[in-house]
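Geometric and topological summary
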Amino acid sequence: MENKKKSGFTGSIGFVLAAAGSAVGVGNIWRFPYLAARDGGGLFLLVYLVLVLTFGFTLLTTDIALGRKTGKNAWNAFSCVCPRWGFIGKLTFLVPVIIMTYYSVIGGWVLKYTSVYLSGRGAKAAEDDFFISFITSKAAPIVFMLIFLAITAFIVYTGVEKGVERFSTIVMPGLFVMILGIALYSLTLSHTDASGITRTGLDGLAVYLIPDFKGLTFSRFLNILLDAMSQLFFSLSVSMGIMITYGSYVKKDVNLNKSIAQIEFFDTAVAFLAGLMIIPAIYVFSGTDGMASGPSLMFVSLPKVFSSMGKAGIIVGVIFFLMILLAALTSCVSIMETLVANCSNIFKTSRKKTSFWISLYSAVTAILICLGYNIFYFELKLPNGSVGQLLDIMDYISNSFLMPLISLLTAVFIGWVIKPKWIIEEVETGNVKFGRKKLYAFMIRYIVPVIMSILFLQSLGLFS
Ligand code: PHE
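Worth saying up front: this structure is predicted, and the values here are computed from it rather than measured. Each chain has its residues counted from 1, running along the sequence as written. Where local features are concerned, this predicted model is filtered to residues with pLDDT of at least 70; where side-chain atom pairs are given and counted, the filter is 80 or more; whole-chain, interface and lining totals use all residues. Derived side-chain values reflect all non-hydrogen atoms in the structure, with water molecules and hydrogen atoms excluded from consideration.

The helix count covers DSSP runs of H or I at least four residues long, the strand count covers runs of E at least two residues long, and both are numbered beginning at the N terminus. When helices and strands are tallied, the protein chain shows 20 helices and 4 strands. Over its C-alpha trace the protein chain gives a radius of gyration of 21 Å, about what one expects of a compact globule, namely 23 Å for 464 residues. Viewed in the frame of its principal axes, the protein chain has a C-alpha envelope of about 65 × 50 × 40 Å. Expressed as a percentage of the 464 residues in the protein chain, the buried residues total 60%. Values of accessible area rely on a 1.4 Å probe in the Shrake-Rupley scheme; residue burial ignores everything except the protein chains shown. Total accessible area on the protein chain is roughly 17,600 Å²; 69% of this is exposed by carbon and sulfur atoms. Counted as positive: Lys and Arg. Counted as negative: Asp and Glu, with His and the chain ends omitted from the count. Charged groups are reduced to one reference atom each: NZ for lysine, CZ for arginine, CG for aspartic acid, CD for glutamic acid. Seen as two clouds, the 36 positive and the 23 negative side-chain charges of the protein chain have centres 10 Å apart. Computation of the radius of gyration draws on C-alpha atoms, with the globule rule given as 2.2 Å multiplied by the number of residues to the power 0.38. Only protein chains enter the calculation, and the probe is 1.4 Å; a residue is then buried if its accessible area is under 20% of its type maximum, exposed if over 50%, and partly exposed in between.

Dropping the structure here:
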């Protein structure tokens, strides 16, 4: 971390790619489509896009500018500006602590699918209960998770992130092209089910794109808003300290305004296309019933798309899962890296020693999460109306509960204590034109605090 700090990012492109490497991960490709599908498609998409342009931009700007201006990581950035508000920085630390418990579990799922396609058994993966029987089995999910985690830990331990980031400059555009190709292909699908109903990719596209306001109640709308907001936090890696730390590595001559717009655009485009690739396909094969399947969605729907491609599908499957694997890895590295940096700062331990303890923590907690699908299986109704297991509960605590709270506190702090001008000045460093300056000030003072308060209460189930 120290070395990195001195050297910083080589330039604006280096920064954008590194931030995108953290931002683009299974959040975009796995989490976004399943939430969008569960919440009915078009309406979720609309809400999400509005949120990206308003909240996403505001929160990303705040984190990155705060990091660059103070030159400190999240733990210290708030307290160095105002000791009384330093506790927000401490609070952000909790988010990666929780996300780390399950991110590698999903990484393990992706790894499993990669290996299935690599060994030419892609057709099996398209069978109906393949995914369920995999995650409910006792050993396999743990083994794959541990391999994924070991690779992540190795990268963090040896400090070769720079190399990985360079690698991701090749992988990211490749992933983008693949997703686009598969998305276009899935629009051409058509399937007739047992009851004789034929559904096409274009019908599915309509479900994905056209908002359906029928039967919309206030409480359901709030739930969609909460889901979309939680997705925004998770996907952009904001309100959890990571972007503050990244901001602290950015040189003063980098145009923050432009870089932020690029990160926002890239992250959202990947999520949008992932939805386009997965939602019409699941609609074609399983109708609206299949759309509610939650975390399993991508793993159930994509193999079906690949298998409909015939032989080519096996190769597409291999390349595709390999790419997601890398995207997941760069994100997981950024989460673990933050934990290691923070803990070695707090406990004054060496980087290597801290990496070891964090890896152990991650492994033990992730094993528990894996067992949440068999030994510790239960069904808990979450305040947002969905039913969850251990993984969903962790996800809920970090993304639906902690992050609105942190954003609320940050917005009050920036908007009312140190004032938006403080951030705006940082973005404008070097005569940069900050086009959305007025929007920023208005959002951070009024809109973010109000909406986050409502969502925070909603996350506790108060309006349901
Ligand atoms: N943003 C990453 C994704 O979309 C996940 C992530 C969360 C990364 C938190 C870093 C921190 O997958």
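Let us look at helix 20 (residues 437-459). Because an α-helix packs 3.6 residues into every turn, residues spaced three or four apart end up facing the same way. The bend at a residue is defined as the angle formed between two axes, one fitted to the seven residues ending at that residue and one fitted to the seven starting there. Remark: the principal bend of helix 20, roughly 50°, maps to Met443. Along helix 20, the positions that sit buried rather than exposed are Tyr440, Met443, Ile444, Val448, Pro449, Met452, Leu455, Phe456, Gln458 and Ser459. The inward-facing, buried residues of helix 20 abut helix 4 (42-70), helix 12 (218-236), helix 18 (390-418) and helix 19 (420-427). Of the residues trailing helix 20, Gly461 is marked for its positive phi of about 85°. Should any heavy atoms of two residues lie within 4.5 Å, those residues are counted as being in contact.

On to the side chain of Thr354. In this fold, Thr354 is placed in helix 17 (residues 351-371). In this view, Thr354 contacts Val340, Cys343, Ser344 and Thr349; residues no more than four positions away in its chain are not counted.

The next point concerns the packing of helix 3 (residues 26-38) against helix 12. Note on definitions: angles span 0 to 180 degrees between N-to-C directions of axes, and those axes are lines fitted to C-alpha atoms, for helices only across the stretch in contact. Closest axis-to-axis distance for the helix 3/helix 12 pair is 11 Å, and the angle between their directions is 175°. Between helix 3 and helix 12, the interaxial angle falls into the category roughly antiparallel. Across from Gly27, Asn28, Arg31, Phe32, Leu35 and Arg38 in helix 3, the residues of helix 12 making contact are Asp227, Ser230, Gln231, Phe234 and Ser235. Under the convention adopted here, Pro, Cys and the residues Ala, Val, Leu, Ile, Met, Phe, Trp and Tyr are nonpolar, Asp, Glu, Lys and Arg are charged, and Gly plus all remaining residues are polar. Here the contact of helix 3 with helix 12 is built from residues that sort into 3 nonpolar, 5 polar and 3 charged. The scheme is simple: roughly parallel for angles under 35 degrees, roughly antiparallel for over 145, roughly perpendicular for 65 to 115, oblique for anything else.

Residue position: Lys112 is located in helix 6 (residues 87-118). By definition, a salt bridge exists where a carboxyl oxygen of Asp or Glu is found within 4 Å of a side-chain nitrogen of Lys or Arg. Among buried charged residues, Lys112 stands out as having no salt bridge; its nearest opposite-charge side chain is Glu127, 11 Å away. Once residues lying within four places of it in the same chain are set aside, the contact partners of Lys112 are Phe130, Phe134 and Phe144.

This part covers the site of the ligand. One heavy atom within 4 Å of a molecule or strand makes the whole residue count as near it. What surrounds the ligand is a group of 16 residues, the closest being Ala23, Gly27, Tyr103, Phe234 and Met240. Residues adjacent in sequence count toward polar contacts only when both atoms are side-chain atoms; beyond that, a polar contact is any pair of N or O atoms within 3.5 Å, and within protein one must be able to donate a hydrogen and the other to accept it. Asn28 is positioned such that a nitrogen or oxygen atom in its side chain is 3.2 Å from an oxygen atom of the ligand. Here a nitrogen atom of the ligand sits 2.7 Å away from a polar atom, N or O, in the main chain of Phe234. Alone, the ligand offers 320 Å² of accessible surface; in the complex the protein occludes 100% of this. If you list the elements that add at least two residues to the shell around the ligand, you get helix 2 (12-23), helix 3, helix 6, helix 12 and helix 16 (311-346). Here the residues of the shell around the ligand are counted per class, giving 8 nonpolar, 8 polar and no charged.

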